[in-house]
Amino acid sequence: MTNRPGETIHLTDLDSLEVFTPFAALSSRPTLHFEASHSAGLSRFTGTDTGLVVEATQIVDPTDPIKFTRLSVTNTGAKPRRLRLYCYAEWVMGNNRDKTVPMLRTDESDGILMVENPFSTQFPGRMAFLTSDAPLSSFTMDRVAFLGRGSTLLPDAVARGMALFDAKTPIGDPCAALAIDLEVAAGASRTVTLLMGDAAGRHAAIALAHKHRRAGCDGVMAATTQEWDDFLNVLHVTTPDPAFDIMVNRWLPYQTLACRLRARSAFYQASGAYGFRDQLQDTLSLMLHDPSLAREQILHAAGRQFPQGDVQHWWLPETGAGVRTMISDDVVWLTYGITQYIDSTGDTAILDEVLPFLTGPELEAGEHDRFFQPETSDQTASVFEHAARALDLAIKRTGERGLALMLGGDWNDGMNRVGEDGRGESVWLSWFLAHALDVFSPVAEARGEAERAGRWRDHLANLKQSIESSGWDGAQYRRGYYDDGTPLGSQQSDECKIDSIAQSWSVMSEQGDPARQNAVMDQVLEHLVDDDADIVRLFTPPFADTPKEPGYIKGYPPGVRENGGQYTHAATWAVYALAMLGRGDDAKRCFDMLNPINHSLTHDAADHYRVEPYVAAADIYGADDKIGRGGWTWYTGSGGWLYRAAVEAILGIRRRDGRLFVTPMLPSNWPGFEATLLLEGKTFRIVVAGGVARINGETVDATKGFAL
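Residues numbered from 1 in each chain as written. Predicted model: local features only at pLDDT ≥ 70, side-chain atom pairs only at ≥ 80, totals over all residues. Heavy atoms only, no water.

A. Representation of the sheet that holds strand E5 (residues 52-60) in the model. Strand order in this open sheet of 8 strands is E3-E4-E5-E6-E13-E10-E9-E8, and the pairing throughout is antiparallel. Across the chains shown, the open sheet's two edge strands, defined by having one partner strand only, are strand E3 (33-39) and strand E8 (105-109). Between one strand axis and the next, the sheet turns through 15° on average, direction left out of account. Pairing analysis gives 6 bridges linking strand E10 (residues 127-132) to strand E13 (residues 189-199), with the strands arranged antiparallel. Across the sheet, residue Leu-130 finds its bridge partner in E13, namely Met-196. Those strands touched by helix H4 (residues 202-215) are strand E6 (66-75), E8, strand E9 (112-116), E10 and E13, and its axis lies near 30° from that of E10. (Pairing = 2+ DSSP bridges. Helix = DSSP H or I, 4+ residues; strand = E, 2+ residues; numbered from the N terminus. Axes fitted to C-alpha atoms, helices over the stretch in contact; angles between N-to-C directions. Contact = heavy atoms within 4.5 Å.)

B. Seen up close, the environment of Phe-45. The residue Phe-45 is located in strand E4 (residues 42-49) in this model. Setting aside its immediate chain neighbours within four residues, Phe-45 contacts Pro-22, Phe-23, Glu-35, Ala-36, His-38, Val-54, Glu-55, Ala-56 and Gln-58.

C. Here's a closer look at the packing of aromatic side chains. One pass over the full model with this rule turns up 34 aromatic pairs. Ring centres 6.0 Å apart and planes at 90° place the aromatic pair Trp-228 and Phe-231 in the edge-to-face group. Taken as a pair, Trp-228 and Phe-231 lie in helix H5 (residues 218-232) at a separation of 3 residues, close to a single helical turn. The burial state of Trp-228 is the same as that of Phe-231; both residues are buried. Ring centres of Trp-333 and Tyr-336 lie 5.5 Å apart, and the angle between their planes is 85°; on these two criteria the pair is classed as edge-to-face. One end of the pair is Trp-333 and the other is Tyr-336, both in helix H9 (residues 330-345) and 3 residues apart, which spans about a single turn. A residue is classified by how much of its surface remains accessible, and Trp-333, at 1% relative accessible area, is buried. The class of Tyr-336 is buried, set by a relative accessible area of 5%. (Phe/Tyr/Trp six-rings, centres within 6.5 Å; stacked < 30°, edge-to-face > 60°. Buried < 20%, exposed > 50% of the residue type's maximum accessible area, 1.4 Å probe, protein only.)

D. Examining the pattern of salt bridges more closely. Overall, the coordinates contain 56 salt bridges when judged by the stated rule. One salt bridge in this structure joins Arg-295 and Asp-347, with 2.7 Å as the shortest N-O distance. Taken together, the residues span a long stretch of sequence, with Arg-295 in helix H8 (residues 291-302) and Asp-347 in the loop between H9 and strand E18 (354-359) at a distance of 52 residues. The exposure class assigned to Asp-347 is buried, which follows from its relative accessible area of 19%. Between Arg-452 and Glu-385 there is a salt bridge, and its shortest N-O distance comes to 2.9 Å. A residue pair is termed long-range when its members are at least 10 positions apart, and Arg-452 in helix H12 (residues 450-470) and Glu-385 in helix H10 (residues 383-396) qualify at 67 residues. (Salt bridge = Lys/Arg side-chain N within 4 Å of Asp/Glu carboxyl O.)

E. Geometry of the pairing of strand E11 (residues 138-142). Across the 5 residues that make up E11, a large majority, 4, are buried. In terms of strand pairing, E11 meets strand E12 (residues 174-184) through 4 bridges, oriented antiparallel. Bridge assignment links Thr-140 to a residue of E12, and that residue is Ala-177.

F. Fine view of empty space enclosed by the protein. One pass over the structure, following the stated rule, counts 4 cavities of 30 Å³ or more. Approximately 160 Å³ is the volume found for the largest cavity. Around the largest cavity, the lining comprises 15 residues; the ones closest to its centre are Leu-284, Met-287, Ser-344, Glu-648 and Arg-654. Breaking the lining of the largest cavity down by element, the ones donating at least two residues are H9, helix H18 (638-650) and strand E31 (653-656). Take the lining of the largest cavity: its biggest share by element is 4 residues, from H18. Tallied by class, residues from the lining of the largest cavity come to 7 nonpolar, 3 polar and 5 charged. There is about 60 Å³ of room inside the second largest cavity. Every residue along the wall of the second largest cavity is listed here: Glu-7, Ile-9, Lys-67, Thr-69, Cys-87, Leu-130, Leu-194, Leu-195 and Met-196. Among the secondary structure elements, those contributing two or more residues to the lining of the second largest cavity are strand E1 (7-13), E6 and E13. Top element by residues in the lining of the second largest cavity is E13. It accounts for 3 residues. Within the lining of the second largest cavity, the residues separate by chemical class into 6 nonpolar, 1 polar and 2 charged. (1 Å grid on protein atoms, 1.4 Å probe; cavity = no way out; pocket = protein on both sides within 12 Å on 5 of 7 lines; lining within 4 Å. Points joined across faces, edges and corners; volume = space filled by probe spheres on them. Nonpolar A, V, L, I, M, F, W, Y, C, P; charged D, E, K, R; others polar.)

Shown next as structure tokens:
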């Protein structure tokens, strides 16, 4: 397998035909020095060769759809250099280049190389472009003419220092390739800015390119840096653990906003879609930074619901097309998001916002999901009613043991066959539903919905009794039951004998038997916290040889992803639960295992971990020679939950209805911590020392908080 790039930058010395690049992925010379550095909104790549330093700084405009690459070339040698800069883009304009290439149409105007896919139904009329603020010496739009018998790693044109043939209308294999000639005196530097963008048609593309060629990227860099500093500096903590501070102060909130909310796409999951439960959870982690993000997402999610109470599991923002499924936990997340938001802000007016429902075909018996583009119904209801219908449906989906049905998968989508016949049950979902019923019943009662609130409280009482009886396994909580009644996540199971989330949410739901909570978390520490691998496993042992068919999770190799490796989203809940029980040492110990920095403290460790040490990973492998290797990164909701575990659970900082609370559960080797919080134009200085929390010098009552 190869990671063949579709976008390249090379420089060729026209006298020696030496080739230079700022990117390690484009070089075949292992002796060269390359460096990549990243900060909020900006990435910088540097390649150092004999007598030449090439640096590429990349940034995206905060408002216009355009990416800047500022290329700086420094001649550290004693002689002038004649260089030819090549920039290449391999157009796709869809999701599969083999299918779209015959449809692409190219154009050029004043050094702006453009392409469109006139047959695109999802993005009709869009025109992409590549250009530069420096005059082009030549260009081509013919991919074969540029690559020749070479490859994107070293095209023929680059290897030979060729001028490019100005082919504007290639037959069947388009690209954008431009060349710029540079003379760099000894000890001097030259800077060129490359621009890649997208606009609504040819005239808009030309106008956008001209606008930013004139303006350059200095202003964009300054504005982006300021924007991110303003956002990330809302909370700044100083603790005895610098690795903890780095993740809390910068990288976790950055990961959540930049990737999860804005991009909704990354290396391992190129989506762009909204997930019903996904972005709700992400926005809740940023309540201190910007509660309007949560409000907006609650309204966005509520509008993707059908009158029956179920929702789109995910949908595309441009068309609204998405998937209607039998995944069972979606219908509880709206209530969770609403109550968390109101608890923090006191904004009960959100309950009265009116939104329409979607209309579309219901799933047939045995149908797991269906992708289609729904219509918008004339029927509308308040946000409260949207959430209430979802809870009513969740209650309707109750199994013979009184537990919530798992159906097409609960939180763990990979367990999609545990309850596919409509009889399998989920202990975890039962905890989650119990929490939702407990916190939303008073909301219903306050709105005059006494009958509904009564039904919810009755079901809650029965549900708790069912969990503590049918869900109890002697020393832990079971994960659930298969359709045929076989326990899942039980000590009697052949595989998956204990699952962490059924234990963690017995605490996080605040509905579990207090006498059992410490004991079940002890089971998590004993069986799932792996000190040798430095991971917190989702469950153990993994599915491998069992005759049971839990779902596609069994298709993963044992110990990989959800199948018995570390699934970080779930592991953050273990941290949160331990902190809620006042077990600061255990919570911090687990948090340290989830902190990516701690997986890359040495060169060998970083080589083994293999993924970015500054963002949360969705999973870490837990089997064979791959133990401790990171899985996919960036586009994972574990980033937001890891932040919440740090700030809300360990540091104990939480905003609640106009007051600020600080109730830390610190490890015993921390004497305390300090934090600065900026809210609504006010600065709050938090100091915790000797078990006492002070805000702006005033001792904070743990039950009353501090008025904002």
